[in-house]
Amino acid sequence: MTGERLRDTMAGERLRNATDKGPRSAELGDVLGSLGIRRGGVLMVHASLSGTGLAPEPVRDALLNALGPEGTLIVPTFTPENSDTSRAYREAVADMGEAEAAEYRRTMPPFDPDATGCPTMGALAECVWSTHGAVRSSHPQTSLAGLGPRAGKLLRRHPLRSHLGRLSPMAGLYAADAQILLLRVGFEVCSAFHYAEYLMRPRPPRRTYRCVVGAKGNWVEYRDLSLDDSDFGKIGAQLPPRMLAEAAWASRTVVLCAMRDVVGHAKGQMSGYRRALA
């Protein structure tokens, strides 16, 4: 089965299994409308739908409706499972013996933007990248996916050595004055803060990354910044309230903010207290 057919099949199965677009879906539309999402704009979304009773399709559709036909929806579709230098890999092999861990590494599947899922990123991210017409960037560890007229241009370039830096789609989102929506999640998962790491001075240290591309056993190695999300929650807590629009949906907070504003503030924080680590 080709990657395109696999995406279409997955999308069809989700649509057949979707729950009813009942009151909670309508309520989400009202919440999104109240926050100030720009119609025709670019919106990057991090979401947790656990406990909402909704399948991801009506949530995706509510977001696209809020953006309008000229708007573009972007989600992170990271795949740390594709790397032996990731936390996900270390956790996976933690209880394995040497031989078992070697076999696990040998059989790790390569990244395919048209077929590789992103299980750690949540149901909405899986739904978006597998929707017919979606575009996904090519980075084997930190890809982004999108729907809308600007997705192709925003995601067309994603070199290996720039996870989320100046040569990545994240820079394009920043230039496009994108908004960020945290749907029932906190700033701990706000991947735009990684872009601030590339902007801070002094620059963070670099390290080596490895991942599988093309075929099993085809490992590639490259160097990039040593990215660190351990303080993202703290950084988010220090953002000025004027930068945030907040609402509640399905018993949790929903936050909308401007990427340029929060990245600039995060850069200032990091350049201060992370200085000794550089």
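These numbers were taken from a predicted model, which means no experiment stands behind them.

Novice: Summarise the overall build of the protein; cite the residues concerned and give the values.
Specialist: A count of helical and extended segments in the protein gives eleven helices and nine strands. The buried share among the 278 residues of the protein stands at 51%. The long-range share in the protein, meaning contacts at least 24 apart out of those at least 6 apart in sequence, stands at 72%. Here the protein displays about 12600 Å² of accessible surface, and carbon together with sulfur accounts for 50% of that area.

Novice: How would you summarise the pairing of strand β7 (residues 219-225) if you had to cite specific residues and measurements?
Specialist: As judged from the seven bridges shared by strand β6 (residues 206-212) and β7, these two strands associate in the antiparallel manner. The partner of C211 across the bridge, within β7, is V220. Between β6 and β7, which pair antiparallel in sequence order, lie six residues; one of them, G214, sits at a positive phi of approximately 80°.

Novice: Help me get a handle on helix α9 (residues 192-199), residues and values and all.
Specialist: Most of α9 is tucked away: eight of the eight residues are buried. Looking at α9, one finds that the buried residues are A192, F193, H194, Y195, A196, E197, Y198 and L199. Buried residues along α9 sit in contact with β1 (42-47), α8 (169-175), β5 (179-183), β7, α10 (232-237) and α11 (259-273).

Novice: I'd like a rundown of the environment of I235, residues and numbers included.
Specialist: Relative to the assigned elements, I235 resides in helix α10. Since its relative accessible area comes to 0%, I235 is described here as buried. Sequence separation between I235 and F193 is 42 residues; the distance between their C-alpha atoms is 8.8 Å. Among residues more than four places away in sequence, those in contact with I235 are F193, A266, Q269, M270 and Y273.

Novice: Now, about the packing of aromatic side chains: what can you tell me, with residues and values included?
Specialist: Enumeration according to the criterion identifies five aromatic pairs in this entry. An angle of 50° between the planes, with centres 5.3 Å apart, marks the rings of Y174 and Y195 as tilted. Of this pair, Y174 sits in helix α8 while Y195 sits in helix α9, and the two are 21 residues apart along the sequence. According to the relative accessible area criterion, Y195 is buried, its value standing at 6%. With 5.7 Å between their ring centres and 10° between their planes, F187 and F193 make a pair best called stacked. A relative accessible area of 0% places F193 in the buried class.

Novice: Which residues make up a positive patch on the surface, and what values do they have?
Specialist: A cluster of basic residues, R166, R201, R203, R206, R223 and K267, forms a positive patch at the surface. Here R206 lies in strand β6.

Novice: Tell me what's going on with the pattern of salt bridges, and back it up with residues and numbers.
Specialist: In the structure shown here, the tally under the stated rule is eight salt bridges. D84 serves as the salt-bridge partner of R210, at 3.0 Å between the closest nitrogen and oxygen. Here R210, found in strand β6, pairs with D84, found in the loop between β2 (72-76) and α4 (87-93); they are 126 residues apart in sequence, far enough to count as distant. With a shortest N-O distance of 3.9 Å, R260 and D177 are connected by a salt bridge. Of this pair, R260 sits in helix α11 while D177 sits in the loop between α8 and β5, and the two are 83 residues apart along the sequence. Within the structure, one salt-bridge network assembled from shared partners comprises D84, R105, R210 and E221.

The rules we used
- Residues numbered from 1 in each chain as written.
- Predicted model: local features only at pLDDT ≥ 70, side-chain atom pairs only at ≥ 80, totals over all residues.
- Heavy atoms only, no water.
- Helix = DSSP H or I, 4+ residues; strand = E, 2+ residues; numbered from the N terminus.
- Buried < 20%, exposed > 50% of the residue type's maximum accessible area, 1.4 Å probe, protein only.
- Contact = heavy atoms within 4.5 Å.
- Areas by Shrake-Rupley, 256 points an atom, 1.4 Å probe, with all protein chains shown as cover.
- Pairing = 2+ DSSP bridges.
- Phe/Tyr/Trp six-rings, centres within 6.5 Å; stacked < 30°, edge-to-face > 60°.
- Patch = residues over 30% accessible without salt bridge, like charges linked within 9 Å, V, L, I, M, F, W, Y side chains within 5 Å.
- Salt bridge = Lys/Arg side-chain N within 4 Å of Asp/Glu carboxyl O.
- Lys, Arg positive; Asp, Glu negative; His and termini not counted.
- Charge placed at Lys NZ, Arg CZ, Asp CG, Glu CD.

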